[in-house]
Every structure is written in C-alpha cells, then in structure tokens.
Amino acid sequence: MRKIVTVVLIIVLYSCSNKQDVTGLYVSKNNLNTIDSVWINSDGTYINLMYRKKDNTLVYRNTGNWSFSNGYITFDKFFADEDEEHSTEFTKFEEVLMTTKLPIESKDGKAIIHHKSMYDNIYLEKTSK
C-alpha cells in the first residue's frame, strides 16, 4: 500500500512539475452558489473572477501575483471563496484578501486546485493551457 501511495504522489508532483504546466484557466466544479474562475498567467500574475450562480452577475474580480513550488501554488492577495451566497450589498472583499497556498493535484488527467479543503468534490479544474 505504501508503494502505491508513493507512486501516486510522484505522479501528482510531476504532472505539474514546473511553472509553465500550472498556467491556464481554472473553473470551479460542483459549487452551489458561485462560479469561480482563476486565470493563472505565465508572467506570474493571476485574475480571479467570482460570479453569482443564480443570475450570473459578477460578484468580485481580483488580480495578484502567484508562485509555484513543490506541487503548491501560492496566491498573493487572494479571495478564498467558500461558495457562499453573496449579497449585492457586500463590498468589503479587499479586507479579507490573504496569501493562500493550495495544492495542485491531478484528477481524471486534469490539473485541479482544491480551494475548499473540507470538501473533496469542490475544486478548480484546469480547462485550457
């Protein structure tokens, strides 16, 4: 069993082994209230967009820098969405931005970023290079 875990870990780490492999568009999967997307650009910047699912309106847009090391991506000034229902009145997103370090894994041959650690079925999935 230990050998299987080691092999899987090696495959995951090598599937996104460099900065270029990480870049692209990631879109949320299985969220109930929001549609999140993160463009991870090759110049070390990212764009994070969050839409309200029920009416497809933009709730929040953020930009920042990112870095990659040892299978983890680190976002500066990132809004970690918890798939909450966001009202149109809430505007204090800038007050809750933080440096966020998340693992990049592989699921069904696609790169994914788990952004809600307590749920295995909610993640960002890479859709393009």
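Summary of the structure given here. Everything quoted here is computed from the prediction, not taken from an experiment.

Glancing now at the pairing of strand E6 (residues 98–107). In the sheet, strand E5 (residues 72–78) pairs with E6 via 5 bridges, with the strands oriented antiparallel. By the bridge assignment for E6, Ile 73 is matched with Leu 102. Of the strand pairs in this sheet, E6 and strand E7 (residues 110–113) are connected by 4 bridges, and their pairing is antiparallel. Bridge pairing links Ser 106 to Ala 111 in E7. Between the antiparallel neighbours E6 and E7 lie 2 residues, among them Asp 108 with a positive phi of about 55 degrees.

Take the sheet that holds E6 next. Sheet strands associate in pairs through backbone hydrogen bonding, adopting either a parallel or an antiparallel arrangement. Pairing is antiparallel in the closed barrel, where 8 strands are placed in the order E1-E2-E3-E4-E5-E6-E7-E8. The sheet shows a mean angle of 30 degrees between the axes of neighbouring strands, direction not considered. Examined bridge by bridge, strand E2 (residues 34–40) and strand E3 (residues 45–52) share 7 bridges and lie antiparallel to one another. Bridge pairing in E3 places Ser 37 opposite Leu 49.

This next bit is on the packing of aromatic side chains. Per the counting criterion, the structure on display carries 4 aromatic pairs. Between the aromatic rings of Tyr 46 and Phe 78, the centroid separation amounts to 5.6 Å while the plane-to-plane angle is 65 degrees, which identifies the pairing as edge-to-face. On the criterion of sequence distance, the pair formed by Tyr 46 in strand E3 and Phe 78 in strand E5 is long-range, its members being 32 residues apart. On the basis of an interplanar angle of 15 degrees and a centroid distance of 4.4 Å, the ring pair of Phe 75 and Phe 78 is categorised as stacked. Members of the aromatic cluster, connected to one another through ring pairs, are Tyr 46, Phe 75 and Phe 78. Here the guanidinium or amino end of Lys 101 rests over the ring plane of Tyr 72, the centre of that ring lying 5.2 Å away.

Calculation criteria
Here the residue numbers are simple positions, counted from 1 along each chain's written sequence. It should be noted that, the model being predicted, local features are given only for residues of pLDDT at least 70 and side-chain atom pairs only at 80 or more, the latter also being counted only at that level, while totals for whole chains, interfaces and linings use all residues. The side-chain values count all of the structure's non-hydrogen atoms but skip hydrogen atoms and water molecules. Two strands qualify as a pair provided that DSSP identifies no fewer than 2 bridges between them. Runs of E in the DSSP output that reach at least two residues are strands. Runs of H or I that reach at least four are helices, and both are numbered from the N terminus. Geometry is summarised by axes, namely lines fitted to C-alpha atoms with helices restricted to the contacting stretch, and by angles between N-to-C directions that run from 0 to 180 degrees. Note on ring pairs: Phe, Tyr and Trp rings are taken, using the six-membered ring of Trp, and paired if centres are within 6.5 Å. Classes follow the plane angle, with under 30 degrees stacked, over 60 edge-to-face and the rest tilted. Criterion for a charge above a ring: Lys NZ or Arg CZ within 6 Å of the ring centre, and within 35 degrees of the ring normal.

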